[in-house]
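Chains, contacts and geometry: an overview
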Amino acid sequence: MLGRERTLPGLAAGREASRPHSGYISGLPETKDVVMIKLVGFAVSNYYNKVKLALLEKGVEFTEELNWASKDEATLACSPLGKVPFVVTDQGPLCESQVILEYLEEAFPEKPLMPRDPYARAKLRELVTFMEMHLELVARRLYAQAFFGGTVAPEVIESVRKELTRNIAAFGRLFVALRDGTVVCFASSP
Ligand SMILES: N[C@@H](CCC(=O)N[C@@H](CS)C(=O)NCC(=O)O)C(=O)O
């Protein structure tokens, strides 16, 4: 497994006792931790790719492990519903892609993906939440047919079409540009 040697935020020399799992990395200098990230899931999962892109953008070294959202005990211990992605860190597992992204942002602050300004950060979260709730979860009802060789009832397709048409237009109103912690909101045309 690859890992980048770095000092965890807030872990100054001599503060060994503040570690969540004191001594969990044996044989390393006391003032350093090697943060190991293993990304678990499968490559056509958009949530998996969301986390993978963040890792790549931030330049965090990681390994990948294939898991088709298994419901075996080992997977459920990391992700209680057996959903992927989850990551395994040297402090333990973590599931839910947005939580993972926020963890990465805090654990690897050297290359931030979030703006600094609280309002700008909130606008970014607003965008992500909107996408997941009102675009991805709606479109997901078509995935069986779109990606996995199944079929979706015509009335479901029609209902998704109507909902997505409305929600994509609404998403347009949230068009946001982030630059150096600044958010620019553009009014959408009618
Ligand atoms: N809210 C979760 C959603 C993850 C999710 O739904 N993953 C899908 C793959 S894209 C999955 O594991 N599906 C299998 C299942 O729900 O059992 C996240 O953001 O990580």
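Above this text sits the structure in question.
Residues numbered from 1 in each chain as written. Predicted model: local features only at pLDDT ≥ 70, side-chain atom pairs only at ≥ 80, totals over all residues.

Examining the site of the ligand
So the rule is basically this: To decide whether a residue is near a molecule or strand, its C-beta atom is placed from the backbone and checked for lying within 6 Å of it. The helix count covers DSSP runs of H or I at least four residues long, the strand count covers runs of E at least two residues long, and both are numbered beginning at the N terminus.
If you check the shell around the ligand, you find Ser45, Asn46, Tyr47, Ala69, Gly82, Lys83, Val84, Pro85, Glu96, Ser97 and Gln98 and nothing else. For the shell around the ligand, the elements supplying multiple residues, two or more each, are α1 (46-58) and α3 (97-107).

Quick look at the sheet that holds strand β3 (residues 38-41)
Which entries qualify depends on this criterion: One bridge is not enough; two strands pair if DSSP finds at least two bridges between them. Helix axes are fitted to C-alpha atoms over the stretch in contact, other axes to C-alpha atoms as well, and angles between N-to-C directions run from 0 to 180 degrees.
Taking strand neighbours across the sheet as the criterion, the four strands line up as β4-β3-β5-β6 in an open arrangement whose pairing is mixed. Looking at which strands have only one partner, the edges of the open sheet turn out to be β4 (63-66) and β6 (92-95). Taking each pair of neighbouring strands and ignoring which way they run, the sheet shows an average axis angle of 25°.

Some remarks on helix α4 (residues 118-139)
Threshold: One less than the number of residues in a helix, times 1.5 Å, gives the span that helix is expected to have. Fitting one axis to the seven residues ending at a residue and another to the seven starting there, the bend at that residue is the angle between the two axes.
Here α4 contains 22 residues, and its C-alpha end-to-end distance of 30 Å stays within 8% of the 32 Å for a straight helix at 1.5 Å per residue. At glutamate 132, α4 shows its maximal kink, close to 35°.

Section: the environment of lysine 111
Basically, it comes down to this: A residue is called partly exposed when the number of other C-beta atoms within 10 Å of its own lies between 12 and 20, exposed at 12 or fewer, and buried at 20 or more, with C-beta atoms placed from the backbone. C-beta atoms are placed from the backbone for every residue, and two residues are taken to be in contact when these atoms lie within 7 Å.
Within the element layout of this structure, lysine 111 appears in the loop between α3 and α4. Classification of lysine 111 as exposed rests on a count of 10 C-beta atoms within 10 Å. Setting aside chain neighbours within four positions, we find lysine 111 in contact with Lys58 and Gly59.

Details of the pairing of β4
Our working definition: For the handedness criterion, the strands are oriented away from the viewer, and a crossover whose path from the first strand over the helix to the second runs clockwise is classed as right-handed.
As defined by bridge partners, β3 adjoins β4 across four bridges and the pair is classed as parallel. Paired with lysine 38 across the bridge in β4 is threonine 63. Since β3 and β4 lie parallel, the crossover through α1 that links them has a hand, and here it is right-handed.

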